[in-house]
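# Summary of the model geometry
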Number of protein chains: 2
Amino acid sequence: MNSDQAIETPAVVIDLAVAKKNIKRLQKHCDQHNIALRPHIKTHKLPSMAKLQIAAGAVGITCQKIGEAEIMADAGIQDILISYNILGASKLARLANLARRCNLSVVADNAHVIEGLARAFSQEDKPLKVLIECDTGAGRCGVQSTDEVVDLAQKIHTSKGLTLGGLMTYPPMGKSQQVESWLKEAKAALLDNDLPCPKVSSGGTPNMWKSQEVPTADEHRSGTYIYNDRSLINAGLCGRDDCALSVRVTIVSTPTADRAIIDAGSKILTSDLLGMEGFGLIKEAPDAQIASLSEEHGIIDLSESEWQPKVGDLIHIIPNHACVVTNMVDHVYLAENGKIEKTPVLARGRVT
Amino acid sequence: MNSDQAIETPAVVIDLAVAKKNIKRLQKHCDQHNIALRPHIKTHKLPSMAKLQIAAGAVGITCQKIGEAEIMADAGIQDILISYNILGASKLARLANLARRCNLSVVADNAHVIEGLARAFSQEDKPLKVLIECDTGAGRCGVQSTDEVVDLAQKIHTSKGLTLGGLMTYPPMGKSQQVESWLKEAKAALLDNDLPCPKVSSGGTPNMWKSQEVPTADEHRSGTYIYNDRSLINAGLCGRDDCALSVRVTIVSTPTADRAIIDAGSKILTSDLLGMEGFGLIKEAPDAQIASLSEEHGIIDLSESEWQPKVGDLIHIIPNHACVVTNMVDHVYLAENGKIEKTPVLARGRVT
């Protein structure tokens, strides 16, 4: 345990009480609508947080990288979806190893990926669940048509070592009707072709309170909801007090009356703007703009603010995007009941 | 040593021959103009690279964080400038410890910082060298006037435990005359007041080939020159073949004819645009645009390109900004003479 004042800045601090409240709230929403919640661990990258999410009722977790899933399985997490096309002999060998010690599923949106998975799992006792990723309008990965869904589903269904896990999408924001119609048609096509569709998984924190508007999806994946951030405040999806993560920084210089410099730049706050102006919300002075960042400096524009920070002052910033911030630091500080504890971000920087 | 094909992607690969050529070239330029070169380690964050720079003739290194300097001192680097205002009891204690085992200097641009340094070093045998940071037009940290320079210099000069190290600036780009006039006047004012000015340090990779245009500055700090990047290509400061760092990625999906997805997003390439469009230069297809990133996906727009990538293809990206990329990964791969070796980025993520 650290004394609060002894923490060197910049430091990423998590208010545990707020995080727990956020976990409960979305779980309750999903329970009410009979939707399974499978949190995305990209936001916290901490097994301890994943365990809180599962204890609250989540069916399992979502990862993007095998390395993240390995860390979570090491910590005893049992049900893991890697929502990514896995390719390459080395990664496929790791995937097969991982599948022996947890209930693993992955996604695929093309035949090349399915063939690789089939090769890697042909000798395994337990088949690998593969969901077909569908592009329901977000324009990232995913098959483009129901015909492709059926083609790939048949390929999975007839591959020794693989089993069809259903459908998965990373949906566009605010287009529930379009997503529902896409998934409904695709699921119907699977069933019409005597193919199973045990699960339909959708996601996205911006969509979380409307997950029930896609009734075909019986699972929702959400990451940012556990911490929230400035982008979600600006989208009207949470309030400032719902933000569990903040970056504690020190004013290191006040070279002019309208400029103050903090000891956090893009190496902590990142350059993510997510369509907003400024690089974060200063809790102590919301009208002061973090106008620009270099790697280790943040430049605050005080010209529109009455605030007069002094060198040495500690302030707290709600970042634009929480998920990318936790990836920048080896440790975060968990604060609860007046105590604060340094903890390693175990799944940080797992790029493969 | 790894077999080239066995490397899992995304992977940050450094062409050592190119890095060595870049080191030599800037060193030669500085030698010709009688300017001391003090490379900024933020670009590579590797003691092995710092040693190559020193072996080539650099007088020492520049760091921004005590944690970076500690790693470099651990590796035997002797002459270190931390070009940052250091504040807070815990950091000052680390600084005093560090100063006992290397030739350390720091900067300050305000009285509060100088008072903290003086307190921390008042009982030390060896005084700490403190340079005054001057804002010569870049609008970040730094004193605003010659009068302030003289005031702070007197404060340092009369503080037990501190010694005046001279002047330091992070200059605006392309304004040599303005920077020279600022520094010349400030140095003259110090000498007029019987204060020493043993060194004047300027920097910036974009200014590197014109460092001689600020003759008052007898030291130049540059970071990016060792690897170069897309921003420097676009500024006309290097060619594509001068870029030592690239990110090796795999095409993981080709959902439509005009879109391909790579397994590198902002978690590797970062969101840094540095005024450019697109998130990096694809060496194999410079006309294809990396149009957007999410954390683990990069979306390539093929609509203006003849290139037809296939799932599983390996490609290489020159990032917009090399320095921030090395900070994203625990390891980089050093390639030379057909061999490739994985090495930890020891000074990565040192935020304090």
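All figures in this text were calculated on a predicted structure; none of them were measured in a lab.

## A closer look at the sheet that holds strand β4 (residues 79–82) of chain A
Consider a sheet: its strands pair through backbone hydrogen bonds, and that pairing is either parallel or antiparallel. Residues and elements named next belong to chain A. Pairing within the open sheet is parallel, and its eight strands lie in the order β2-β9-β8-β7-β6-β5-β4-β3. The outermost strands of the open sheet, each flanked by one partner alone, are β2 (36–37) and β3 (61–63). Both strand β6 (residues 128–134) and strand β7 (residues 162–169) contribute to a ladder of seven bridges, which runs parallel. In the strand pairing of β7, Leu-128 is matched with Leu-162. Helix α3 (residues 66–74) rests against β3 and β4 of the sheet, and its axis sits at about 175° to β4.

## Description of the pairing of strand β5 (residues 103–108) of chain A
All names here are of chain A. Counted residue by residue, β5 has five buried out of six residues, so it is predominantly covered. Relative to β5, β4 runs parallel, the two sharing four bridges. Directly across from Ile-80, in β5, lies its bridge partner Leu-104. Read from β4 through helix α4 (residues 89–99) to β5, the crossover connection turns out right-handed. Sheet analysis places β5 next to β6, joined by four bridges and oriented parallel. Note on β6: the bridge partner recorded for Ser-105 is Lys-129. Taking the sense of rotation as the criterion, the β-α-β connection linking β5, helix α5 (residues 111–121) and β6 turns out right-handed.

## Concerning the relation of the copies chain B and chain A
It takes a turn of 180° to lay chain B on chain A, together with a shift of 0.0 Å along the axis; the resulting RMSD is 0.0 Å. Within this description, the copies of the chain are treated as partners about a two-fold rotation axis. In terms of C-alpha distance to the rotation axis, chain B has Ser-271 of chain B as its closest residue, with the C-alpha 2.7 Å off the axis. When the interface residues of chain B are mapped onto chain A, 100% of them again lie at the interface, so the same face is used by both copies.

## Thoughts on the domain arrangement of chain A
Residues and elements named next belong to chain A. Taken domain by domain, chain A consists of domain 1 (17–223) and domain 2 (230–320). A straight line from the C-alpha centre of domain 1 to that of domain 2 covers 35 Å. The partner domain 2 presents five residues to the six residues of domain 1 that form the contact.

## Section: the sheet that holds strand β2 (residues 36–37) of chain B
Residue and element names in this part refer to chain B. Overall, parallel pairing links the eight strands, which are arranged β2-β9-β8-β7-β6-β5-β4-β3 in an open sheet. One side of each edge strand has no neighbouring strand; the edge strands of this open sheet are β2 and β3 (61–63). Note that strand β7 (residues 162–169) and strand β8 (residues 200–203) share two bridges and pair parallel. For Met-168, the partnering residue across the bridge sits in β8 and is Ser-201. The strands touched by helix α6 (residues 146–157) are β5 (103–108), β6 (128–134) and β7; relative to β6, the strand with the most contacts, the crossing angle is about 170°.

## Focus on the interface of chain B and chain A
If you look at the interface, chain B gives 49 residues, while chain A gives 49 residues. Tallying contributions element by element places strand β10 (residues 245–256) of chain B first for the side of chain B that touches chain A, with five residues.

## Brief notes about the nonpolar core
Of all hydrophobic cores here, the largest spans 216 residues; its most connected members are Met-72, Leu-117 and Val-130 of chain A together with Met-72, Leu-117 and Val-130 of chain B. When near neighbours in sequence (up to four residues on either side) are disregarded, Met-72 of chain A contacts Ile-41, Pro-47, Ala-50, Ile-61, Cys-63, Ile-77, Ile-80 and Ala-347 of chain A.

## A closer look at the packing of helix α4 (residues 89–99) of chain B against helix α5 (residues 111–121) of chain B
All names here are of chain B. Relative orientation of the contacting elements α4 and α5 amounts to 55°, with a least axis distance of 9 Å. Relative to α5, α4 is oriented oblique. Note on packing geometry: the crossing formed by α4 with α5 is right-handed. Between α4, through Leu-92, Ala-93, Leu-95 and Ala-96, and α5, the contact on the second element is made entirely by Gly-116, Leu-117, Ala-120 and Phe-121.

## Observations regarding the environment of Ile-282 of chain B
All names here are of chain B. Here Ile-282 lies in strand β12 (residues 281–282). Sequence separation between Ile-282 and Ser-231 is 51 residues; the distance between their C-alpha atoms is 14 Å. Residues in contact with Ile-282, not counting those within four places in the same chain, are Ala-288, Ile-290, Ile-315 and Ile-317.

## Points about the environment of Pro-39 of chain A
If you trace the backbone, Pro-39 of chain A turns up in the loop between β2 and α2 (47–55). When the C-alpha positions of Pro-39 of chain A and Ser-202 of chain A are compared, they lie 11 Å apart, and in sequence the two are 163 residues distant.

## Quick look at helix α3 (residues 66–74) of chain B
Residue and element names in this part refer to chain B. The element α3 is extensively covered by neighbouring structure, given that seven of its nine residues are classed as buried. By the burial criterion, the buried members of α3 are Ile-66, Glu-68, Ala-69, Glu-70, Ile-71, Met-72 and Ala-73. If you follow the buried residues of α3, they end up packed against α2 (47–55), β3, β4 (79–82) and α4. Of the residues one or two after α3, Gly-76 is the one with positive phi, at around 100°.

## Some thoughts on helix α7 (residues 176–192) of chain B
Residue and element names in this part refer to chain B. The terminal C-alpha atoms of α7 lie 24 Å apart, and with 17 residues this matches the ideal 24 Å at 1.5 Å per residue to within 8%. Among all positions of α7, only Val-179, Trp-182, Leu-183, Ala-186, Lys-187 and Leu-190 are buried. Projected onto a plane normal to the axis of α7, the buried residues spread over an arc of 120° and lie on a single side. Set apart from the buried face of α7 by more than 90 degrees, the exposed residues are Gln-177, Leu-191 and Asp-192. Looking at the packing, one finds that the buried side of α7 touches β6, α6, β7 and β8.

## Describing the confidence of the model for chain A
Averaged over all residues, the pLDDT of chain A equals 96, while 99% of them reach at least 70. Predicted complex metrics record ipTM = 0.97 and pTM = 0.97.

## A word on the pairing of strand β17 (residues 339–344) of chain A
Across six bridges, strand β16 (residues 331–336) of chain A lies against β17 of chain A in antiparallel orientation. Counterpart to Tyr-333 of chain A in the pairing with β17 of chain A is Lys-342 of chain A.

## Things to note about unusual backbone geometry
Residue Thr-9 of chain A is joined to Pro-10 of chain A through a cis peptide bond whose omega torsion reads 0°. Within the element layout of this structure, Pro-10 of chain A appears in the segment before β1 (11–15). The backbone of Thr-270 of chain A shows a phi angle near 65°, a positive value even though the residue is not glycine. Note on placement: Thr-270 of chain A falls in the loop between β11 (259–262) and β12 (281–282). Since 26 C-beta atoms lie within 10 Å of it, Thr-270 of chain A is described here as buried. Its identity is not glycine, yet Asn-34 of chain B carries a phi of approximately 60°, on the positive side. Within the secondary structure layout, Asn-34 of chain B lies in the loop between α1 (16–32) and β2. For Asn-34 of chain B, a count of 9 C-beta atoms within 10 Å corresponds to the exposed category.

Basis of the calculations
Residues numbered from 1 in each chain as written. Chains lettered and ligands numbered in written order. Predicted model: local features only at pLDDT ≥ 70, side-chain atom pairs only at ≥ 80, totals over all residues. Pairing = 2+ DSSP bridges. Helix = DSSP H or I, 4+ residues; strand = E, 2+ residues; numbered from the N terminus. Contact = placed C-beta atoms within 7 Å. Axes fitted to C-alpha atoms, helices over the stretch in contact; angles between N-to-C directions. Buried ≥ 20, exposed ≤ 12 C-beta atoms within 10 Å, placed from the backbone. Right-handed = clockwise from strand over helix to strand, strands pointing away. Least-squares fit on C-alpha atoms with pLDDT ≥ 70 in both. Domains from an automatic or database assignment. Core = buried A, V, L, I, M, F, W, Y, C linked by C-beta atoms within 7 Å. Parallel < 35°, antiparallel > 145°, perpendicular 65-115°, else oblique. Left-handed = near helix turned anticlockwise from the far one by under 90°. Expected span 1.5 Å × (residues − 1). Arc of directions from axis to C-beta. pLDDT = per-residue confidence, 0-100.

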